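Read off the chains here:
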Amino acid sequence: MVPHLISKLSWLFILFFPSFIGGTFGIFVALPLALLNLMSEKKINLWLIKIVFPLFLLFLITLLSSNFLNYKDYFRVLFFSLLVILLLYIGYGFRRISPHFILKTLFSIGMVFSFYNIYYFVFYNEFYSLEKFDNIYRNPYAVFSLIILIYHRIFFESGLQLNKFLYYVFWFISLFSLLLSYSRSSWLFFIILFFFMGYRFLIKYIILVFLFFLLIVTEVDHFGILFKIVNSVNEVAIQNFDSMDTITLKWRGYENFLAISQYLKGNYLSYIFGNGFGSRIEIGFRMQLAGGDYYDLPIIHNGYLYVLFKYGLVGIFLYMYFFWNIFFSLHRNSPFDKLGRGILISLMYAMLVVMGMPQGHSGFFIVLLGYLLGITHDKNNLIRKRLI
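Residues numbered from 1 in each chain as written. Predicted model: local features only at pLDDT ≥ 70, side-chain atom pairs only at ≥ 80, totals over all residues. Heavy atoms only, no water.

A short note on the nonpolar core
Turning to step 1, where the next piece is worked out: Counting 104 residues, the largest nonpolar core has Phe144, Phe155, Tyr319, Phe322, Ile343, Phe364 and Leu368 as its most contacted members.
Turning to step 2, where the next piece is worked out: In terms of residue count, the dominant contributor to this core is helix H16 (residues 303-329) (13 residues). (Core = buried A, V, L, I, M, F, W, Y, C linked by side-chain atoms within 4.5 Å. Buried < 20%, exposed > 50% of the residue type's maximum accessible area, 1.4 Å probe, protein only. Helix = DSSP H or I, 4+ residues; strand = E, 2+ residues; numbered from the N terminus.)

Right under this line is the structure:
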């Protein structure tokens, strides 16, 4: 009873304060939560260890091969290397909680944040100036609310038990909130989950067309969502950076150029094992970033090139093996496995454009993915026992 209550309280804490488990100090929150889960387990789970083993092996290899170029960055990346493992373990420990409780609390908080977004839009006329409310507007909960509304009869035997009026009101609120997010990541996240969950009913095609229409009508001076999505490839492309204006405008592409060129200047050992935890990417001049002056970069937006530069080809292989382990662990045709696969592909996309897993970003998604792995593993064990 007590472990179950602790799990529920921990889940609600993460749900309301997701920023506490990601970023620089995430390790200090994730570690005690993981220890609470460990104390409530009757035995060590070898199945989960097998899934996260590629990341743990990568951690050990880079710990031994790192060149200690920068001690601050060394320990920073050291913490982040363990953070993903801890977050997955925390989510796995939540498997004792009913999926209905998880989804209903996720849906409820999604609606609360969606109301909040619309409130600021109506009363403060905030639409394209979202920097002040960035963490609120770009939350993923509106996407989850929308997905749960679409597939509620698949997730729940009796549905959400909403009357038609409330159902369509929640529909409108979730859609409008997602529109106000002005975040290409949120839209792509929704589309990925939508197709992984399946489009069994004709209405879902209509919904997708409606969403596409909303994207089109919100285009203003080529700064709308469609423009941002289409321009994503152009932003990260390596090209001729012949002026500061081009570098500033296409900074992510310039980061990629620097990472690849400096990786290729290494030796065979650095090709295989990378440049180590504390290594930085040299800019070559003073650049103002996030309010400070930088001559080198401890992190970049492209998580795959970050892994290649820091950990080499071994790091890329181990990350791909880690993703492979998770994807094929969610092998059943249940809606929860489909949701898990959709979240995994979304995290893989996030790693391409906003660093993602290697820096402990998207912590809430990682916890939820660990939970879905946990309930899948428990159901597989139950099926095996019945067969025996």
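Brief notes about the packing of aromatic side chains
Turning to step 1, where the next piece is worked out: Taken as a whole and assessed by the stated rule, the structure comprises 27 aromatic pairs.
Turning to step 2, where the next piece is worked out: Residues Phe155 and Phe336 carry aromatic rings whose centres are separated by 5.5 Å and whose planes lie at 50 degrees to one another, so their mutual orientation is tilted. With Phe155 in helix H8 (residues 152-155) and Phe336 in helix H17 (residues 335-353), the pair connects residues that are 181 residues apart, well separated along the chain.
Turning to step 3, where the next piece is worked out: For Phe155, a relative accessible area of 4% gives the class buried.
Turning to step 4, where the next piece is worked out: Ring centres 5.3 Å apart and planes at 80 degrees place the aromatic pair Tyr167 and Tyr168 in the edge-to-face group. (Phe/Tyr/Trp six-rings, centres within 6.5 Å; stacked < 30°, edge-to-face > 60°.)

Some points on the environment of Met244
Turning to step 1, where the next piece is worked out: Here Met244 lies in helix H13 (residues 244-249).
Turning to step 2, where the next piece is worked out: You can call Met244 partly exposed: its relative accessible area is 40%.
Turning to step 3, where the next piece is worked out: Measuring from C-alpha to C-alpha, the distance between Met244 and Met287 comes to 10.0 Å, with 43 residues separating the pair along the chain.
Turning to step 4, where the next piece is worked out: What Met244 contacts, discounting residues up to four positions off in sequence, is Phe285 and Met287. (Contact = heavy atoms within 4.5 Å.)

So, the packing of helix H10 (residues 184-197) against H17
Turning to step 1, where the next piece is worked out: With their axes 8 Å apart at the nearest point, H10 and H17 run at an angle of 145 degrees to one another. Both H10 and H17 take part in a crossing whose hand is right-handed. Of the residues in H17, those touching H10 at Arg184, Ser185, Leu188, Phe189, Ile192, Leu193, Phe196 and Met197 are Pro335, Lys338, Leu339, Arg341, Gly342, Ile343, Ile345, Ser346 and Tyr349.
Turning to step 2, where the next piece is worked out: Split into classes, the residues belonging to the contact of H10 with H17 amount to 11 nonpolar, three polar and three charged. (Axes fitted to C-alpha atoms, helices over the stretch in contact; angles between N-to-C directions. Left-handed = near helix turned anticlockwise from the far one by under 90°. Nonpolar A, V, L, I, M, F, W, Y, C, P; charged D, E, K, R; others polar.)

Side note on the environment of Ser19
Turning to step 1, where the next piece is worked out: Structurally, Ser19 can be placed in the loop between helix H1 (2-16) and helix H2 (26-40).
Turning to step 2, where the next piece is worked out: The spacing of Ser19 and Ser362 is 343 residues in sequence and 8.8 Å in space, taken between C-alpha atoms.

Notes on H10
Turning to step 1, where the next piece is worked out: Here H10 spans 20 Å end to end across 14 residues, near enough to the 20 Å set by a 1.5 Å rise per residue.
Turning to step 2, where the next piece is worked out: Just downstream of H10 lies Gly198, where phi reads positive at about 105 degrees. (Expected span 1.5 Å × (residues − 1).)

Re empty space enclosed by the protein
Turning to step 1, where the next piece is worked out: Summed over all chains, the structure comprises three cavities of 30 Å³ or more.
Turning to step 2, where the next piece is worked out: In terms of lining, the largest cavity is formed by 11 residues, of which the most central are Leu55, Leu58, Ser81, Tyr311 and Tyr319.
Turning to step 3, where the next piece is worked out: Secondary-structure elements contributing two or more residues to the lining of the largest cavity are helix H3 (46-65), helix H4 (71-93) and H16.
Turning to step 4, where the next piece is worked out: With four residues, H3 is the single largest residue contributor to the lining of the largest cavity.
Turning to step 5, where the next piece is worked out: Its residues assigned to classes, the lining of the largest cavity comprises nine nonpolar, two polar and no charged. (1 Å grid on protein atoms, 1.4 Å probe; cavity = no way out; pocket = protein on both sides within 12 Å on 5 of 7 lines; lining within 4 Å. Points joined across faces, edges and corners; volume = space filled by probe spheres on them.)

Some points on the packing of helix H14 (residues 251-264) against H16
Turning to step 1, where the next piece is worked out: For the pair H14 and H16, the least separation of the axes is 9 Å and the interaxial angle reads 15 degrees. Taken together, the axes of H14 and H16 are roughly parallel relative to one another. Seen from above, H14 lies across H16 with left-handed handedness. Facing Asn256, Ala259, Ile260, Gln262 and Tyr263 of H14, the residues of H16 in contact are Leu305, Leu308, Phe309, Gly312 and Leu313.
Turning to step 2, where the next piece is worked out: Taken together, the residues that form the contact of H14 with H16 break down as seven nonpolar, three polar and no charged. (Parallel < 35°, antiparallel > 145°, perpendicular 65-115°, else oblique.)

With respect to the environment of Phe309
Turning to step 1, where the next piece is worked out: Relative to the helices and strands, Phe309 resides in helix H16.
Turning to step 2, where the next piece is worked out: For Phe309, a relative accessible area of 5% gives the class buried.
Turning to step 3, where the next piece is worked out: The spatial distance from the C-alpha of Phe309 to the C-alpha of Tyr263 is 5.7 Å, given a sequence separation of 46 residues.
Turning to step 4, where the next piece is worked out: For Phe309, the contacting residues outside a window of four places in its chain are Ala259, Gln262, Tyr263, Gly274, Asn275, Ser279, Arg280 and Ile281.

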